[in-house]
Protein chains: 2
Amino acid sequence: MTAPDTDRFLRDLHELRKIGQFRTGVHRPTYSPEDMESRRWLLARLEECGLQAEMDGIGNIIGRHPGPGPKLLVGSHIETQNQAGWLDGALGVVAGVALARAGLPVDVICFADEEGHYGGFIGSRSASGTLTEAEIDGLSNRYHGKTLRDALREAGLEGLPRFTLDPARYKGFFELHIEQGTQLESRGLQVGVVTGIVAIWQYRILIEGMQDHAGGTTMAERRDAGLAAVRLLARIDGEFPMVCGERSTWTCGRIALEPGAQSIIPGRAEVLFQFRDIDVPTLERMERTLRAIVQESNRRERCTAVLETMSRSVPAPCHPAMMDALEQAAEEIAPGAHMRMPSGAGHDAQYMARLMPAAMLFTPSIGGISHHWAEDTKEEDLAVNLRVLHRAAERFLASNQPLS
Amino acid sequence: MTAPDTDRFLRDLHELRKIGQFRTGVHRPTYSPEDMESRRWLLARLEECGLQAEMDGIGNIIGRHPGPGPKLLVGSHIETQNQAGWLDGALGVVAGVALARAGLPVDVICFADEEGHYGGFIGSRSASGTLTEAEIDGLSNRYHGKTLRDALREAGLEGLPRFTLDPARYKGFFELHIEQGTQLESRGLQVGVVTGIVAIWQYRILIEGMQDHAGGTTMAERRDAGLAAVRLLARIDGEFPMVCGERSTWTCGRIALEPGAQSIIPGRAEVLFQFRDIDVPTLERMERTLRAIVQESNRRERCTAVLETMSRSVPAPCHPAMMDALEQAAEEIAPGAHMRMPSGAGHDAQYMARLMPAAMLFTPSIGGISHHWAEDTKEEDLAVNLRVLHRAAERFLASNQPLS
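Residues numbered from 1 in each chain as written. Chains lettered and ligands numbered in written order. Predicted model: local features only at pLDDT ≥ 70, side-chain atom pairs only at ≥ 80, totals over all residues. Heavy atoms only, no water.

Colleague: Could you give an account of the state of the cysteines, with specific residues and numbers?
Modeller: Following the criterion strictly, the structure yields zero disulfides over all chains and no others. Here cysteine 110 of chain A is not disulfide-linked; the sulfur of cysteine 49 of chain A is the nearest cysteine sulfur, at 14 Å. The buried category is assigned to cysteine 110 of chain A, whose relative accessible area is 0%. Here cysteine 252 of chain A stays free of any disulfide, with the sulfur of cysteine 252 of chain B as its closest cysteine sulfur at 13 Å. (Disulfide = S-S within 2.5 Å. Buried < 20%, exposed > 50% of the residue type's maximum accessible area, 1.4 Å probe, protein only.)

Next comes the structure, spelled out in structure tokens:
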């Protein structure tokens, strides 16, 4: 068995870190000059490894292994959130380069705009063949409003064709990523073998009451949409623990009362609520509970609540054979310092999982810090995970697992 | 006993209604050209009645009865909220004119900016002697930001002195006003004898948690400030009915979560909460309950809640002898069609109550509509209330009630 060059891997990460440097992190929004510089940097590394490298019309980059035989696809994304970390995305791409440099038959891939400056996962969706030209026409930057078309033109990508992946070429897709949480760190572990990427079911609850004077309207007659929202959310708080899965999360990220003035009874309330799990029956149970709570609110309250489903993504389980290979490699390289865990956040891997067997590996995140320039992971942990990834990739390639 | 000229009274109201007319209501923001025109209209009416009329440096208008002997002070305000009603404020001023015209020894007063375009109740506060020049320097329009000084200058009021009332001149202050609620209408009543103006105790609750990723952070470790706010408000919802008074109101007008994004656990929450009652021991009991709830939240939650008192106004009880006079007159003129009730909203009368005996009379509001151009009251109810006010004023003047 070969071993990857972890020193070179770390040097690559630090070199990439300088492009768009911001304090101890990086500011490389999608299609910005720094982001395009990082993409050119990556193309050069891929060519150095002898891969056939190209950047396509959405900014996706692929470095294709020139030889015959089964391949792995390895990669992640390279742009960052604003003023964010040096590892989120970059880690998985540079790991792919390291595996290619070590001689494994891998294609290295870098998906554009996983971070969603213009549209979440447009790179992995384009590579999957599900991103239409019409959709590109409609997208713009969520911070400053520049259209995606303008950004692509300014980045020199206008008119370039967009490639789609051929699943038949690959045995599977591996993505190495930082955990962005504290599960590993809090247990003193080094390696997280990801079981799958949770589905996110997102809802908007709109409550209509009657706007009125806080002093002149009695408690008996008022129709306070804010209070109905509070009672509904309190009911969710009580009921969801009774029906959730072991690792489910549920979150109300936003409550907006109208008009939101101190002396006016709110006539309207909007709530954004979501829950996440990797298991569809659990998700369905939580949705049934949510619907029952809204129904009961409408039976009791003088306000009306309408539950609107905004989106329901599909969980993306990781492939059992790939997980086994990762776990076995972890036990050999970091014995007792690994565990299986779901990914609560979305990743490019969830789109790859629709095309081919996919798996993710997590490194610890110091303090769980993510989407912030202070994001960090110990170099020792980065190196250990590269070695685990490499050994698992070798084993999986050599196994009897058929091509997807 | 004399009787007021209700036909003339209604004609006056309709004439005033045309100044700044907006649909079926009026748009007369304080110190606007329409507002100043309405003030000049009022000065003319006062002079017609033989009163010595003046407008002062804040826009307050007083028409002084020239004769000797005990006087009553009667009035309200004349500006309106934006695109609002024809009766809110105007009713009480025109009623004062009607009483003067009927020969009662009344001074008619019109307080500037009760509606708070520049600062709530600056007119009644100025007339009470509690509005300083420094305060005027600091005020500006809440909608468009023009300074109060600029507005006064443009209205031609710059440099004029401001009068303060001499309480010794008056037996009491009467204010006729629309109810702005539905208590009278829902009971089929015509006349509300106001028991007093409630105090408003206003709070801000700031909750600090930890902003984090909705998917990557487990339920056990997250510190969701929005959820802590919901639980705290739900506790208030449960406890306040156990300690409140018969007519208390309590309202959360605003909940603001930071950052307020669908996939981010809120790290901060701000709640604006207030309660109102006319009875100080009741207010104190509600405040003790609020403090206990915040304390318990801090014992149980992983977030910290800080309770900040923004303001605590003082209830303004109406004078018993004046209320008796109003009630007796109501029983004679509208038998069985009246009741006693507190005012849940603030009025100029609450400032007058600090200087002299004060009382208010409410007419019904159709549909409880207020601060809207559709605000209205049946003319029959307006006329009945003028007659009740007139008879009560006559009786109270003639009674043994000493000067304040």
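Back to the text.
Colleague: An account of the relation of the copies chain A and chain B is requested, with residue identities and associated values reported.
Modeller: Taken as rigid bodies, chain A and chain B are interconverted by a rotation of 180 degrees and an axial shift of 0.2 Å, the fit giving an RMSD of 0.2 Å. Taken together, the rotation and translation describe the operation of a two-fold axis. It is valine 230 of chain A whose C-alpha, among those of chain A, lies nearest the rotation axis, at 2.7 Å. (Least-squares fit on C-alpha atoms with pLDDT ≥ 70 in both.)

Colleague: Outline helix α3 (residues 90-101) of chain B, listing residues and values.
Modeller: All names here are of chain B. In this model α3 runs 16 Å from its N-terminal to its C-terminal C-alpha over 12 residues, within 8% of the 16 Å that 1.5 Å per residue would give. Judged by how many residues are buried, α3 sits mostly within the fold: 11 of 12 residues are covered. Those residues of α3 not exposed but buried are Ala90, Leu91, Gly92, Val93, Val94, Ala95, Gly96, Val97, Ala98, Leu99 and Ala100. Phi for glycine 103, located one or two positions after α3, is positive at around 95 degrees. (Helix = DSSP H or I, 4+ residues; strand = E, 2+ residues; numbered from the N terminus. Expected span 1.5 Å × (residues − 1).)

Colleague: Run through the side chain of aspartate 113 of chain B, naming residues and quoting values.
Modeller: All names here are of chain B. Tracing the backbone shows aspartate 113 in the loop between β6 (106-111) and α4 (122-127). Buried and without a salt bridge, aspartate 113 has arginine 39 as its closest oppositely charged side chain, separated by 7.0 Å. Contact partners of aspartate 113, with chain neighbours within four places excluded, come to Thr30, Arg39, Glu79, Tyr118, Gly119, Gly120, Phe121 and Ile122. (Lys, Arg positive; Asp, Glu negative; His and termini not counted. Salt bridge = Lys/Arg side-chain N within 4 Å of Asp/Glu carboxyl O. Contact = heavy atoms within 4.5 Å.)

Colleague: Quick rundown of the pairing of strand β7 (residues 170-178) of chain A? Include the residues and the values.
Modeller: Residue and element names in this part refer to chain A. A large share of β7 lies buried, amounting to nine of its nine residues. Note that strand β5 (residues 71-77) and β7 share four bridges and pair parallel. Looking at the pairing, leucine 72 lines up with glycine 172 of β7. Bridging between β7 and strand β17 (residues 358-363) involves six bridges; their strand directions are parallel. Bridging across to β17, leucine 176 finds its partner in leucine 361. (Pairing = 2+ DSSP bridges.)

Any functional reading would require information beyond the geometric quantities listed.
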